[in-house]
Amino acid sequence: VALGYVEAPAADKAQAARDCQAENDWNLARVLMDASRFMEALPLLEVINEQLPERPDIAFALARTLVRIGLYREAEETLRLALTNSRQAPALHWLLGDVAFRRGDYAESLAQLTLAKKSQPRSPELFAQIGQTLLRLRKWADAEESFRRSIQLDPHYGAAHLGLAR
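Residues numbered from 1 in each chain as written. Predicted model: local features only at pLDDT ≥ 70, side-chain atom pairs only at ≥ 80, totals over all residues. Heavy atoms only, no water.

**Student:** Any chance you could explain the packing of helix H1 (residues 13-34) against helix H2 (residues 38-51) here in plain terms?
**Tutor:** A packed helix pair is summarised by two numbers, namely the angle formed by the two axes and the spacing between the axes. Contact pair H1 / H2: the axes reach a minimum separation of 9 Å and the direction vectors enclose 150°. When the axes of H1 and H2 are compared, the crossing they make is left-handed. Side by side, H1 and H2 meet where Ala22, Asp25, Trp26, Leu28, Ala29, Leu32 and Met33 of the first sit next to Phe38, Glu40, Ala41, Leu44, Leu45, Ile48 and Gln51 of the second. Split by residue class, the contact of H1 with H2 holds eleven nonpolar, one polar and two charged. (Axes fitted to C-alpha atoms, helices over the stretch in contact; angles between N-to-C directions. Helix = DSSP H or I, 4+ residues; strand = E, 2+ residues; numbered from the N terminus. Left-handed = near helix turned anticlockwise from the far one by under 90°. Contact = heavy atoms within 4.5 Å. Nonpolar A, V, L, I, M, F, W, Y, C, P; charged D, E, K, R; others polar.)

Put into structure tokens, the structure is as follows:
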């Protein structure tokens, strides 16, 4: 505590125990996600997200887990709620764009990815994803420009080269 690495426990022992349990569950959920055991991580993440709605990292992990399971609408609802509680909008917009892409709503995907681009102008991954979305919208010249921007940022980024070849 004195060095600032951890916070002092709450004076209320019951609250301190709940905080400790939530942190333990969060660590377990991250391990399960890393092991691709998303169905096991899901109930933990849902409870933690409900207990700590101000934590965008938990909402983001829950949404990513929902996407991996194929529950796109639930992921979108989680992200939209997190946007109201968080300042970390770029990452949330990026995932919202990915969810919209997976649902086939390419116009919405492009809108969300464009919002993410405002704060992530040097991400080759984001420009490649925008390029893929533009391909689906049949905006060939814009897609080419986006893939070329991705390659400019990282000449070895394979997804951008593949997108450009399409």
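**Student:** Would you take a moment to explain unusual backbone geometry for this structure?
**Tutor:** Peptide bonds are, in most cases, trans, and in most cases residues other than glycine have a negative phi. Despite not being glycine, Ser36 shows a phi value in the positive range, around 60°. Inspection of the secondary structure puts Ser36 in the loop between H1 and H2.

**Student:** Is there a simple way to explain the pattern of salt bridges in this structure?
**Tutor:** Side chains bearing opposite charge may pair, as long as their charged atoms lie close to each other. For the coordinates displayed, the defined rule picks out eight salt bridges. Measuring nitrogen to oxygen at the nearest pair gives 3.7 Å for the salt bridge that ties Glu23 to Arg55. Here the residue Glu23 occupies a position in helix H1, and Arg55 occupies one in the loop between H2 and helix H3 (56-69), the gap between them amounting to 32 residues. Given a relative accessible area of 34%, Glu23 falls into the partly exposed group. Its salt-bridge partner being Glu40, residue Arg37 comes within 2.7 Å of it at the nearest N-O pair. Taking relative accessible area as the criterion, Glu40 reaches 40% and is therefore assigned partly exposed. One continuous salt-bridge network, built from bridges that share partners, spans Glu76, Arg80, Arg103 and Glu108. (Salt bridge = Lys/Arg side-chain N within 4 Å of Asp/Glu carboxyl O. Buried < 20%, exposed > 50% of the residue type's maximum accessible area, 1.4 Å probe, protein only.)

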